[in-house]
Amino acid sequence: MQHGWPEVYEKFEYASPEWVDTLRDLIAEGLGGRDLSGSSFVLGEEYTNPPEHLRRTGSDSIGLYIRVANGEIQVVNEILDGAETTKKFICDYEWAKRYAMRFPDPKLREQLMAEGLMRVEGEGDMSKLPAFWLELDTTSLMRPRTAW
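Reading the values: rules and limits
- Residues numbered from 1 in each chain as written.
- Predicted model: local features only at pLDDT ≥ 70, side-chain atom pairs only at ≥ 80, totals over all residues.
- Heavy atoms only, no water.
- Phe/Tyr/Trp six-rings, centres within 6.5 Å; stacked < 30°, edge-to-face > 60°.
- Helix = DSSP H or I, 4+ residues; strand = E, 2+ residues; numbered from the N terminus.
- Buried < 20%, exposed > 50% of the residue type's maximum accessible area, 1.4 Å probe, protein only.
- Lys NZ or Arg CZ within 6 Å of the ring centre and 35° of its normal.
- Core = buried A, V, L, I, M, F, W, Y, C linked by side-chain atoms within 4.5 Å.
- Contact = heavy atoms within 4.5 Å.
- Expected span 1.5 Å × (residues − 1).

Novice: Can you lay out the packing of aromatic side chains for me, pointing to particular residues and giving the numbers?
Specialist: All told, the structure shown has 7 aromatic pairs when counted by the stated rule. Measuring from ring centre to ring centre gives 6.4 Å for Tyr-47 and Tyr-93, while their planes differ by 85°; the resulting arrangement is edge-to-face. One end of the pair, Tyr-47, is in strand S2 (residues 41–48); the other, Tyr-93, is in helix H2 (residues 93–101), and 46 residues separate them in sequence. Overall, Tyr-93 belongs to the buried group, its relative accessible area being 1%. Here the aromatic residues Tyr-14, Trp-19, Tyr-47, Phe-89, Tyr-93 and Tyr-99 are joined through ring pairs into a cluster of three or more. Taking NZ or CZ as reference, Arg-98 lies 4.5 Å from the ring centre of Trp-95, over its face. Here the guanidinium or amino end of Arg-145 rests over the ring plane of Tyr-9, the centre of that ring lying 3.7 Å away.

Novice: Lay out the nonpolar core with the relevant residues and their values.
Specialist: Ranked by internal contacts, the top residues of the largest apolar core, which has 33 residues, are Tyr-14, Trp-19, Leu-23, Ile-27, Tyr-47 and Trp-133. Every element with two or more residues in this core is listed here: helix H1 (17–31), S2, strand S3 (61–69), strand S5 (87–92), H2, helix H3 (106–114) and helix H4 (131–136). With 6 residues, H1 is the largest single contributor of residues to this core. Once residues within four sequence positions are removed from consideration, Leu-23 is found in contact with Leu-64, Ile-66, Val-75, Thr-138 and Met-142.

Novice: Could you give an account of H1, with specific residues and numbers?
Specialist: Here H1 spans 21 Å end to end across 15 residues, near enough to the 21 Å set by a 1.5 Å rise per residue. In the core, the buried residues of H1 are packed alongside strand S1 (12–13), S3, strand S4 (72–76), H4, helix H5 (138–142) and strand S7 (146–147). At the C-terminal side of H1, Gly-33 shows a positive phi close to 85°.

Laid out in structure tokens, this is it:
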């Protein structure tokens, strides 16, 4: 921020290929220079009922995954099976967008889970992820770059 004005970012449609590319770049920048050799986890997201133009042929959902393994980071615009992930977040596209616009709101999360609009798969304990990942806060990084 310069001159007291907030930075203006190019904005992308939530979970679009360009949005995922931006996320990839921000993660690489945020973790640049860190030794990732001892870290290994896979986080997945799947959005049900997305806009038709974001869907791949024959698919009713879209998603992405983030893999940190062997000292490398991958951010891929594809859905992974929940069994392949440490944690996988599955949510209705419009509600995922609304949820991401807010700071973590446990009441909204509980409501979405109770109504079957959100669920989480995987056995991994998110609190055991490396501190560098928890500090990165990708939701806050992407919020000002997302067209709502």
